[in-house]
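Listed here are the chains, written in short residue letters.
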Amino acid sequence: IGDGSYYLFDAVTVGPYKDVGHERAVPNLLAQLPLVAAIAAGVTDLHWLARLHSLGWFALPAILYSLAVLRTRRDPLHQACVVVAIAIVFMTSSFLIVAEHVTAYAIAMMAAAWLVTARRPQVGDGAVLLVLAAMSTLTHEVFAYLGPLLAAMTVWAVWRPPIRSSVAVATYLAAAVVFVVSAVLAWRAITTFEDQAYFASASSEAWDFWKNPAFDLASIAALVFAGFALVRPADLATARPWILVAPVLLALVLLPLLVLTSGIFGPPFAYSQNITRFAAGLVLVAIIFFMWRHAFDGSTRPTAPSRLLSFAGLLFLATLPWNATLAVLFASYLHEVKAAIDGRPGVIAYEDTGLSTKPWLLQGEAWSLPLTSAILRKSAADGVIAPPRGYAGFLPYAVTDLPSLGPYRWRE
């Protein structure tokens, strides 16, 4: 509905993403692999191409987080940290999946999980870290601080054990160097960003994290348990942390009730997730430091790590109702767009559709509405919706001069 429609529209009219030198090239290239394969195979059903495009964006972070969970399966404390990261960093800031920071955070989490669970450097682990480090280059500006952190952890993992394989050490150190390179490239992207005003505006959203209630509640719940783990670890075996965190988890489960209101949290509801794309990085850093601290000094580990893992699982489950609600809202919005263009050729004024009368469904962006409606056309008898009257913002194509989609059509 937003950037996804832009990428999909260009993929079938201009060609898939080809700017390999762009500062965010890696996620864009990898995410479009299923889409590119389907187009090469002759698929012209935009419905299926949209699904494959979404799959491409979800698949890579899902795989990386899953591997991190598997890697920490023998350590409840570190596995709990990974699941908490998924709950806070992924589940509350990644619904609008066409966003490079999602992949960047998943790469960092998997690298951290690999490092804190390695007893001694091994060639296989070093190779995994080297691949992750290579992926981190040209991924996102957040590696300006994630890169040095992971490089330091990689060097620590080499320095810690008394017995080390020289080949394994070489692969680890190579990974550390590449993590530093990713940081340098990220800083260069920040200083040479084409639209500094936009970058400043986007980065300032980190201070608006409070507008994302799912992120706020999940973070508060995690802080409660982290506080007990750091200050009063023995209390984890009691009911005290659960009593404190239960109201927060319940509020998180009941977030779908927000759709019955209108206010600072929306609509559009999903865009509050995008606000935390930078703030989520700071949470991830805190989680990684927590993991590193307990890997560095085993004497500080809580006495009941299984309680932390149980909490992490509940926190993840508590984020599901709100994401399910967003999915229903977006699907309903697409249904409204399809109904608005059905059998109405040409350019359709936004004001002449029913979209403006259903504010709780308004999940799209004004600039992408022409592209979204063009993708949803089932035949030439369907039209394209123009942005709202008076809109003077970004438009990748003039509404009256959209490139032809050729044989590509939306098929139910």
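Keep in mind the model is a prediction, meaning the values are calculated, not measured. (Residues numbered from 1 in each chain as written. Predicted model: local features only at pLDDT ≥ 70, side-chain atom pairs only at ≥ 80, totals over all residues. Heavy atoms only, no water.)

Colleague: How should I be thinking about the overall build of the chain in this particular structure?
Modeller: Scanning the chain from terminus to terminus reveals 16 helices and two strands. Relative to the compact-globule value of 22 Å for 412 residues, the chain shows a C-alpha radius of gyration of 23 Å, a close match. In terms of its C-alpha atoms, the chain occupies a principal-axis envelope of roughly 70 × 50 × 40 Å. Per-residue burial over the chain gives 51% buried out of 412 residues. The contacts in the chain between residues at least 6 apart in sequence include a share of 82% that link residues at least 24 apart. About 17,900 Å² of surface is accessible on the chain, with carbon and sulfur atoms providing 67% of the total. (Helix = DSSP H or I, 4+ residues; strand = E, 2+ residues; numbered from the N terminus. Rg over C-alpha atoms; globule rule 2.2 N^0.38 Å. Buried < 20%, exposed > 50% of the residue type's maximum accessible area, 1.4 Å probe, protein only. Contact = heavy atoms within 4.5 Å. Areas by Shrake-Rupley, 256 points an atom, 1.4 Å probe, with all protein chains shown as cover.)

Colleague: What's the story with the packing of helix H5 (residues 76–90) against helix H15 (residues 305–341) in this structure? I'm lost.
Modeller: How two helices sit against one another is set out by the angle between their axes and by the gap between those axes. Running from amino to carboxyl end, H5 crosses H15 at an angle of 15 degrees, the nearest separation of the two axes being 8 Å. With respect to H15, the axis of H5 lies roughly parallel. Remark: the crossing between H5 and H15 carries left-handed chirality. Taken together, the residues of H15 that come into contact with H5 (itself represented by Pro76, Leu77, Gln79, Ala80, Val83, Val84, Ile86, Ala87 and Ile88) are Pro305, Ser306, Leu308, Leu309, Phe311, Ala312, Gly313, Leu315, Phe316 and Thr319. Of the residues belonging to the contact of H5 with H15, the class tally is 15 nonpolar, four polar and no charged. (Axes fitted to C-alpha atoms, helices over the stretch in contact; angles between N-to-C directions. Parallel < 35°, antiparallel > 145°, perpendicular 65-115°, else oblique. Left-handed = near helix turned anticlockwise from the far one by under 90°. Nonpolar A, V, L, I, M, F, W, Y, C, P; charged D, E, K, R; others polar.)

Colleague: I tried to follow a nonpolar patch on the surface on my own but got confused; where do I start?
Modeller: A contiguous nonpolar patch, built from Leu250, Val253, Leu254, Leu257 and Leu260 and spanning about 490 Å² of accessible area, is present on the exposed surface. Structurally, the position occupied by leucine 260 is in the loop between helix H12 (240–253) and helix H13 (271–275). (Patch = residues over 30% accessible without salt bridge, like charges linked within 9 Å, V, L, I, M, F, W, Y side chains within 5 Å. Salt bridge = Lys/Arg side-chain N within 4 Å of Asp/Glu carboxyl O.)

Colleague: What's the story with a positive patch on the surface in this structure? I'm lost.
Modeller: Together, Arg73, Arg74, Arg119 and Arg120 give the surface a local cluster of positive charge. When you line up the elements, arginine 119 lands in the loop between helix H6 (100–116) and helix H7 (123–136). Among the residues examined, arginine 119 registers a relative accessible area of 76% and is labelled exposed. (Lys, Arg positive; Asp, Glu negative; His and termini not counted. Charge placed at Lys NZ, Arg CZ, Asp CG, Glu CD.)

Colleague: Sorry, what's going on with the environment of alanine 331 here?
Modeller: Here alanine 331 lies in helix H15. A sequence separation of 330 residues divides alanine 331 from isoleucine 1, and the C-alpha atoms of the two residues are 10.0 Å apart.

Colleague: Which parts of the structure should I look at to understand the nonpolar core?
Modeller: If you look at soluble globular proteins, the nonpolar side chains tend to sit buried side by side. Ranked by internal contacts, the top residues of the largest apolar core, which has 137 residues, are Leu49, Phe143, Met153, Leu284, Leu315 and Ile385. Here this core gets 14 residues from one element, more than from any other, and that element is H6. Setting aside anything within four residues of it in sequence, one finds methionine 153 in contact with Ala112, Leu115, Val116, Ile288 and Trp292. (Core = buried A, V, L, I, M, F, W, Y, C linked by side-chain atoms within 4.5 Å.)

Colleague: I would appreciate a short explanation of the pattern of salt bridges in the present structure.
Modeller: When charged atoms on two side chains of opposite charge get close, those side chains can pair. Counted under the stated rule, the structure contains seven salt bridges. For arginine 24, the salt bridge goes to glutamate 141, with nearest N and O atoms at 2.8 Å. Separated by 117 residues along the polypeptide, arginine 24 in the loop between helix H1 (3–13) and helix H2 (25–31) and glutamate 141 in the loop between H7 and helix H8 (143–159) bring together distant segments of the chain. Overall, glutamate 141 belongs to the buried group, its relative accessible area being 4%. Across the salt bridge formed by aspartate 235 and arginine 232, the nearest N and O atoms sit 2.7 Å from each other. Note on arginine 232: relative accessible area 46%, which makes it partly exposed.

Colleague: How should I be thinking about the side chain of arginine 277 in this particular structure?
Modeller: In this structure, arginine 277 sits in the loop between H13 and helix H14 (279–296). Those residues in contact with arginine 277 that lie beyond four places of it in its chain are His101, Tyr105, Tyr198, Ala202 and Glu205.

Colleague: How should I be thinking about the packing of aromatic side chains in this particular structure?
Modeller: Two aromatic rings, taken as a pair, are described by how far apart their centres are and by the angle between their planes. Tallying each qualifying case throughout the model produces 13 aromatic pairs. Judged by centre distance (6.3 Å) and plane angle (70 degrees), the ring pair of phenylalanine 209 and phenylalanine 215 falls under edge-to-face. Among the aromatic residues, ring-to-ring pairing joins Tyr6, Trp367 and Phe394 into one connected group. The ring of tryptophan 48 has arginine 51 sitting right over it, with the charged end atom 4.6 Å from the ring centre. (Phe/Tyr/Trp six-rings, centres within 6.5 Å; stacked < 30°, edge-to-face > 60°. Lys NZ or Arg CZ within 6 Å of the ring centre and 35° of its normal.)

Colleague: Teacher, can you tell me more about the packing of H8 against H14 here?
Modeller: Here H8 crosses H14 at 10 degrees, and the two axes come no closer than 11 Å. Comparing the axis directions of H8 and H14 gives the class roughly parallel. Counting all contacts with H8, which are made through Tyr145, Leu146, Leu149, Ala152, Met153 and Trp156, the residues of H14 involved are Gly281, Leu282, Leu284, Val285, Ile288, Phe289, Trp292, Ala295 and Phe296. The residue inventory of the contact of H8 with H14, partitioned by class, reads 14 nonpolar, one polar and no charged.

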